[in-house]
Amino acid sequence: MAERPRTVASCSISLDGYLDAGGEERLVLSSAEDLRRVDGVRAWADAIMVGAATVRNDDPRLLVRDPELRRGRIEAGRSPSPTKVTLTRSGDLDPTNRFFTTGDVEKLVYCPPSVAARARRRLGSSATVVGLDRSTELAVVLDDLHRRGVRRLMVEGGGCLLTQLFTEDLVDELHLSVAPFFVGTSRGRRFVGDGEFPFNSCRRASLRRTTRLGDVVLLHYDLASAPAMRRAT
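- Where an unreviewed UniProt entry is consulted, the chain appears under the name RibD family protein, with the organism given as Nocardioides aestuarii.
- Quoted verbatim from the Pathway (unreviewed entry) heading of the UniProt record, the comment on the chain is "Cofactor biosynthesis; riboflavin biosynthesis."

## Considerations on the packing of aromatic side chains
1) Next: Under the definition given, this model contains two aromatic pairs.
2) Next: Seen from their ring centres, Phe99 and Phe100 are 4.9 Å apart, and the 75° between their planes marks the pair as edge-to-face. The residues Phe99 and Phe100 share a single accessibility class, namely buried.
3) Next: Note on Phe166 and Phe191: the rings are 6.0 Å apart at their centroids and 70° apart in plane angle, and the pair reads as edge-to-face. Of this pair, Phe166 sits in helix H7 (residues 159–167) while Phe191 sits in the loop between strand S7 (173–178) and strand S8 (206–213); the two residues are 25 residues apart in sequence, bridging distant segments of the chain. We note that Phe166, like Phe191, is buried.
4) Next: Positioned above the aromatic ring of Phe99 is the side chain of Lys84, whose terminal nitrogen or guanidinium carbon lies 5.7 Å from the ring centre.
5) Next: A cation over an aromatic ring shows up here: Arg203 above the ring of Phe199, its NZ or CZ 4.3 Å from the ring centre.

## Description of the nonpolar core
1) Next: Residues Met49, Tyr110 and Leu145 are the most contacted members of the largest nonpolar core, which totals 34 residues.
2) Next: Counting residues per element, this core draws most heavily on helix H6 (residues 138–147), at five residues.
3) Next: Non-local contacts of Met49, meaning those with residues more than four positions away in its chain, are made with Val85, Leu87, Val141, Leu142, Leu145, Leu153, Met154, Val155, Glu156, Gly157 and Leu161.
4) Next: Formed by 21 residues, the second largest nonpolar core is a distinct cluster that contains Ala45, Val50, Leu93 and Cys111.

Analysis parameters
- Residues numbered from 1 in each chain as written.
- Predicted model: local features only at pLDDT ≥ 70, side-chain atom pairs only at ≥ 80, totals over all residues.
- Heavy atoms only, no water.
- UniProt positions renumbered as here; feature names shortened; annotations may be inferred.
- Phe/Tyr/Trp six-rings, centres within 6.5 Å; stacked < 30°, edge-to-face > 60°.
- Buried < 20%, exposed > 50% of the residue type's maximum accessible area, 1.4 Å probe, protein only.
- Helix = DSSP H or I, 4+ residues; strand = E, 2+ residues; numbered from the N terminus.
- Lys NZ or Arg CZ within 6 Å of the ring centre and 35° of its normal.
- Core = buried A, V, L, I, M, F, W, Y, C linked by side-chain atoms within 4.5 Å.
- Contact = heavy atoms within 4.5 Å.

The structure is reproduced here in structure tokens:
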């Protein structure tokens, strides 16, 4: 049977469920306290995964920021920050994005074999390109990450990747931070899109705790212990 890492999805949304406002300016949803919480989850993880659209649109660093957390990882024989992982169907990624240029950590790019050569030409030595059959099936990608030693995976978005992970029932925990305002425009990206989700009105997710982090509320859901309907991977 295929194995996969323990997978934690962590994201921040507005009261009306948006990840951003659809404009060029970055929308700040997290409080300072919530950003420290995210840093702690990053320090826990062996790898951080985001979709290619997030790499292009948000240009994230995906690094552990706190010096003490980085030092703790190094003392434990780990890299200062987790491995960075992204997935692309087209191979159209810019090697000057901070995903590739920041952090002395491994960067993995999963793509179909048909575009792997193109992605390798574009990215050069800035990342390891994995041309994987069925790379659009996330269970296959997670199995490959597990074989590479990733036991704890953090997923930070975006909406398409989160939708696929949830609909394929591949998330063990959801850390959902809710900011105290509305976006109010459909130009923004939603937390998830349409899909057949395993958690619905007949099978409710288990809310383990709520935490106030400044003016943000963190909802921590345990999705791994829900009865029935877990899919074999």
